[in-house]
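The chain contents come next:
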2 protein chains.
Amino acid sequence: MKPVTGPDFDSHELIPAIAQDAETGDVLMMAWMNRESWQETLTTGKVCYYSRSRKKLWRKGEESGNVQELLSAWFDCDGDTLLLKVRQIGGAACHEGYRSCFFRRVLPETGGRIFREPTGMRGPPSTKMHD
Amino acid sequence: MKPVTGPDFDSHELIPAIAQDAETGDVLMMAWMNRESWQETLTTGKVCYYSRSRKKLWRKGEESGNVQELLSAWFDCDGDTLLLKVRQIGGAACHEGYRSCFFRRVLPETGGRIFREPTGMRGPPSTKMHD
């Protein structure tokens, strides 16, 4: 196996990128990056994903204002996942207005019955869908 | 769009699952789940992934002993990513012996030069590769 020296865009056109609130440790969202969005993120210091649905760069917060400022970037042992520690501007990463997209919890003991557990303030849904 | 009532294995055969240390908040790893591994995880309370490389269920820690006990499970707003808050047994989620697989950091200001930053103890590499 070749040594892991960075996110492996040679083997994977798209790589999952996990955004984590650098201050609270909350996992905010997961979206995808291609080489171009990764390079733009490193250059600008603002997180830019690649939208699979819209098939173009997705500059997070470009319309909502909920920009993610990159504080540190990490990749995993096999170079196929990114972890981005960010400062989430605007208080909400989720287009549904929650701080984190992971606001729905599964109750294993009930075989997967779900309840909604907001992890932050809810505002008007943005028109931008996640990928 | 249909309402999101759980991880959407109808639309996605495999869904990324993020494992987060429930106590420290550290993101430990990302791997994949199919419907079967998800159901097994809910049933047993121990995290079971699906290995894309080995094309079979991957019962995390089955050989290394580094089991992940599921404390809570969350899915995101569009139902295509899981967040698992776990208790990591054995101190290391990573087959390279680190607590987290995300032990390599990118320095954006150097255009992506990398240095290794262990996030936990390092032990003998496990024979189990990540997906």
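Residues numbered from 1 in each chain as written. Chains lettered and ligands numbered in written order. Predicted model: local features only at pLDDT ≥ 70, side-chain atom pairs only at ≥ 80, totals over all residues. Heavy atoms only, no water.

Trainee: Describe the overall build of chain A, naming the residues involved and giving the relevant values.
Mentor: The helix and strand inventory of chain A stands at 1 helix and 8 strands. Buried positions account for 55% of the 131 residues belonging to chain A. Put simply, 45% of the contacts in chain A that link residues at least 6 apart link residues at least 24 apart. By element, 49% of the accessible surface of chain A is carried by carbon and sulfur atoms, the whole surface being about 5,800 Å². (Helix = DSSP H or I, 4+ residues; strand = E, 2+ residues; numbered from the N terminus. Buried < 20%, exposed > 50% of the residue type's maximum accessible area, 1.4 Å probe, protein only. Contact = heavy atoms within 4.5 Å. Areas by Shrake-Rupley, 256 points an atom, 1.4 Å probe, with all protein chains shown as cover.)

Trainee: Requested: an account of the interface of chain B and chain A, with residues and values cited.
Mentor: Of the residues lining the interface, 45 residues belong to chain B; the matching set on chain A comes to 45 residues. With both chains or domains summed, chain B and chain A bury close to 3,600 Å², and 68% of this area falls on carbon and sulfur atoms. Summed over the three residues of chain B that lose the most area to chain A, namely W74(B), C77(B) and F102(B), the buried surface amounts to 20% of that side. Where chain B packs against chain A, one counts 2 salt bridges. When residues of the side of chain B that touches chain A are traced back to their parent elements, those giving at least two are β1 (15-21), β2 (27-33), α1 (35-44), β5 (68-75), β6 (82-88) and β7 (104-107) of chain B. A per-element tally of the side of chain B that touches chain A places β5(B) first, with 6 residues. Looking at the side of chain B that touches chain A, its residues break down into 25 nonpolar, 11 polar and 9 charged. (Buried area = accessible area lost by both parts, 1.4 Å probe. Salt bridge = Lys/Arg side-chain N within 4 Å of Asp/Glu carboxyl O. Nonpolar A, V, L, I, M, F, W, Y, C, P; charged D, E, K, R; others polar.)

Trainee: Requested: an account of the relation of the copies chain B and chain A, with residues and values cited.
Mentor: When chain B is fitted onto chain A, the two copies agree to an RMSD of 0.0 Å after a turn of 180° and an axial shift of 0.0 Å. On this basis, the relationship between the two copies can be described by a two-fold rotation axis. Residue G25(B) of chain B places its C-alpha closer to the rotation axis than any other residue of that unit, at 2.7 Å. Looking at the interface residues of chain B, 100% of them are also at the interface in chain A, so both copies use one shared face. (Least-squares fit on C-alpha atoms with pLDDT ≥ 70 in both.)

Trainee: Tell me what's going on with helix α1 (residues 35-44) of chain A, and back it up with residues and numbers.
Mentor: All buried positions along α1(A) are accounted for by S37(A), W38(A), E40(A), T41(A) and L42(A). On its buried face, α1(A) sits against β2 (27-33), β3 (48-51), β4 (56-59), β5 (68-75) and β6 (82-88) of chain A together with β7 of chain B. Where α1(A) terminates, the next one or two residues include G45(A), which has phi positive at roughly 75°.

Trainee: So, the UniProt feature "binding site: Mg(2+)" (unreviewed entry) in chain A: which residues are in play, and what are the values?
Mentor: Those places that UniProt annotates as "binding site: Mg(2+)" (unreviewed entry) correspond, in this numbering, to D76(A), D78(A) and D80(A). The exposure class of D76(A) is buried, given its relative accessible area of 2%. In contact with D76(A), not counting residues within four places along its chain, are V4(A), T81(A), C101(B), F102(B) and R104(B). Mapping D78(A) onto the fold places it in the loop between β5 and β6. Residue classification places D78(A) among the buried positions, given a relative accessible area of 16%. (UniProt positions renumbered as here; feature names shortened; annotations may be inferred.)

Trainee: Run through the confidence of the model for chain A, naming residues and quoting values.
Mentor: When the pLDDT values of chain A are averaged, the result is 87; 82% of them are 70 or greater. ipTM for the predicted complex: 0.88, alongside a pTM of 0.89. (pLDDT = per-residue confidence, 0-100.)

Trainee: Please provide a residue-by-residue account of the pattern of salt bridges, values included.
Mentor: A side chain of one charge can pair with a side chain of the opposite charge when the charged atoms of the two come close. Enumeration according to the criterion identifies 12 salt bridges over all chains in this entry. Measuring nitrogen to oxygen at the nearest pair gives 3.8 Å for the salt bridge that ties D80(A) to R52(B). Here D80(A) is found in the loop between β5 and β6, whereas its partner R52(B) is found in the loop between β3 (48-51) and β4 (56-59) on a different chain. Its relative accessible area of 29% is what places R52(B) among the partly exposed residues.

Trainee: Summarise the UniProt feature "domain: Phosphoribosyl-AMP cyclohydrolase" (unreviewed entry) in chain A; cite the residues concerned and give the values.
Mentor: Feature annotation in UniProt places "domain: Phosphoribosyl-AMP cyclohydrolase" (unreviewed entry) on residues 29-103 of chain A, given in this structure's numbering. Taken as a whole, residues 29-103 of chain A contains 13% helix and 37% strand, while its terminal C-alpha atoms sit 10 Å from one another.

Trainee: Go over the packing of aromatic side chains with me, naming the residues and quoting the values.
Mentor: All names here are of chain B. According to the stated counting rule, one finds 5 aromatic pairs over all chains in the structure shown. For the ring pair Y49 and W58, a centre distance of 5.3 Å and an interplane angle of 45° mean the geometry is tilted. Of the two residues examined, Y49 and W58, each falls in the buried class. (Phe/Tyr/Trp six-rings, centres within 6.5 Å; stacked < 30°, edge-to-face > 60°.)

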